[in-house]
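A look at the structure
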Amino acid sequence: IASPAVQAAVGGMDDKRPSQRKPLDLLRERVLARGANLDLADHHYKEALDLEPQHDEARVRLARILTIDGQVKAAIPLLERDPQSGDAVLRYYRFLFLGRAYEQTKRQKEARAAYEAASRLFPDAQSPWLALSALAAAAGDIEASRVALERVVDRSEPLDDPWWVYDTCNGRNAGHIY
C-alpha cells in the first residue's frame, strides 16, 4: 500500500500516454481541482490559528495546504516550530512535510535531517525511508538510496505508517480537546 500522495499521483495518470509532467505536478493538479475545499481548509486553519495561535495541528495542516498550493516559503516557518503537544504522529507529519518543503527549496541537508527525524519517530513507516531513498538518488548516491529502500523492502514485520491515515484522522484528538 502506497502513501496517499503516491496513490493520488498514480490515480492521476489514467491515460496510458507518456506524460511530460512530473508526478508531483499531477498530484498538485488533482488536489487543487478540489479548489473550494482547499480554500475552505486554508480559511478554517488560519481562523483556528487566529483563535488559538498554539494550535499545533492547525499549524501543521495549514503548512501542508500551503505547500500543496506552491507557497512553500510561507509553509516552512510554520513547520520549523516544534509542536508543544508532544503528539508523536503530529511531530511525524511535521517532519515529513518539512522534509518535502526543504527539498522543494533545494535545502537537501535539512530535508535529509527532517526525514531522518520522522524515521526515528516511526521506524516501521515507509514514507520517510522512501523519501530518503529518493533524496539520495537525486543526489546521485545510489548506495544510500538502496540502503534506505531496503528498510522498506527487506522486512518481515508489517509496515505501519501514520501517513496512510493523514486524510482520515480528522478529530483524532477530540477526546483531548473536549
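Thresholds, definitions, all that
- Residues numbered from 1 in each chain as written.
- Predicted model: local features only at pLDDT ≥ 70, side-chain atom pairs only at ≥ 80, totals over all residues.
- Heavy atoms only, no water.
- Helix = DSSP H or I, 4+ residues; strand = E, 2+ residues; numbered from the N terminus.
- Buried < 20%, exposed > 50% of the residue type's maximum accessible area, 1.4 Å probe, protein only.
- Contact = heavy atoms within 4.5 Å.
- Patch = residues over 30% accessible without salt bridge, like charges linked within 9 Å, V, L, I, M, F, W, Y side chains within 5 Å.
- Areas by Shrake-Rupley, 256 points an atom, 1.4 Å probe, with all protein chains shown as cover.
- Salt bridge = Lys/Arg side-chain N within 4 Å of Asp/Glu carboxyl O.
- pLDDT = per-residue confidence, 0-100.
- Expected span 1.5 Å × (residues − 1).
- Arc of directions from axis to C-beta.
- Phe/Tyr/Trp six-rings, centres within 6.5 Å; stacked < 30°, edge-to-face > 60°.
- Polar contact = N/O pair within 3.5 Å; in protein donor to acceptor, adjacent residues only side chain to side chain.

**Here we look at the overall build of the chain**
In terms of helices and strands, the chain carries 10 helices and zero strands. Shown N-terminal to C-terminal, the secondary structure of the chain runs as helices and strands in the order α-α-α-α-α-α-α-α-α-α. When burial is assessed residue by residue, the chain has 38% of its 178 residues classed as buried. Considering only residue pairs separated by 6 or more positions, the chain has 53% of its internal contacts joining residues 24 or more positions apart.

**A few points about unusual backbone geometry**
For Lys-106, which is not glycine, the phi torsion reads 65 degrees and is therefore positive. Lys-106 gets classed as exposed once you look at its relative accessible area, which sits at 68%.

**A look at a nonpolar patch on the surface**
Residues Leu-130, Leu-149 and Val-153 make up a contiguous nonpolar surface patch of roughly 230 Å² in combined accessible area. As for its placement among the helices and strands, Leu-149 is situated in helix H9 (residues 142-153). Using a relative accessible area of 35% as the deciding quantity, one classes Leu-149 as partly exposed.

**Quick look at the confidence of the model for the chain**
Of all residues in the chain, 73% attain a pLDDT of 70 or more, and the chain-wide mean is 81. Counted against residues more than four places away or in other chains, residues 5-10, with its pLDDT under 50, gives eight contacts. Contacts for the low-pLDDT stretch residues 12-18, under 50 throughout, to residues beyond four places or in other chains number three contacts.

**Some details on helix H3 (residues 36-51)**
For the α-helix, the turn length of 3.6 residues means that residues three or four positions removed from each other point alike. The end-to-end C-alpha separation of H3 is 22 Å, in line with the 22 Å expected for 16 residues at 1.5 Å each. Along H3, the residues classified as buried are Leu-38, Asp-42 and Leu-49. Across the axial projection of H3, the buried residues extend over an arc of 40 degrees, all falling on one side. For H3, the exposed residues set more than 90 degrees away from the buried face come down to Ala-36, Asp-50 and Leu-51.

**What about the packing of aromatic side chains?**
For any pair of aromatic rings, the description consists of the separation of the ring centres together with the inter-plane angle of the planes. Going through the model one piece at a time under the given rule, you end up with four aromatic pairs. Residues Tyr-92 and Tyr-93 carry aromatic rings whose centres are separated by 6.2 Å and whose planes lie at 55 degrees to one another, so their mutual orientation is tilted. Accessibility expressed as a relative area gives 0% for Tyr-92, which makes it buried. With a centroid separation of 6.1 Å and an interplanar angle of 10 degrees, the aromatic rings of Tyr-93 and Phe-97 are classed as stacked. Linking Tyr-93 with Phe-97, this pair stays in helix H6 (residues 88-104), spanning four residues, or about one helical turn.

**Some details on the side chain of Asp-161**
With respect to the helices, strands and loops of the structure, Asp-161 is situated in the loop between H9 and helix H10 (174-177). For Asp-161, a relative accessible area of 3% puts it in the buried group. Side-chain polar atoms of Asp-161 contact the side chain of Tyr-92, separated by 2.6 Å. Here the side chain of Asp-161 touches Gln-126 through a polar contact of 3.3 Å, landing on its backbone nitrogen.

**Points about the environment of Trp-129**
Structurally, the position occupied by Trp-129 is in helix H8 (residues 127-138). According to the relative accessible area criterion, Trp-129 is buried, its value standing at 12%. In the structure, Trp-129 is positioned 21 residues away from Glu-150 in sequence and 8.6 Å away in space, judged by C-alpha atoms. Among all residues touching Trp-129, those that are not within four sequence positions of it are Ser-119, Pro-123, Ala-148, Arg-151 and Val-152. A distance of 3.3 Å separates a polar side-chain atom of Trp-129 from the backbone oxygen of Pro-123.

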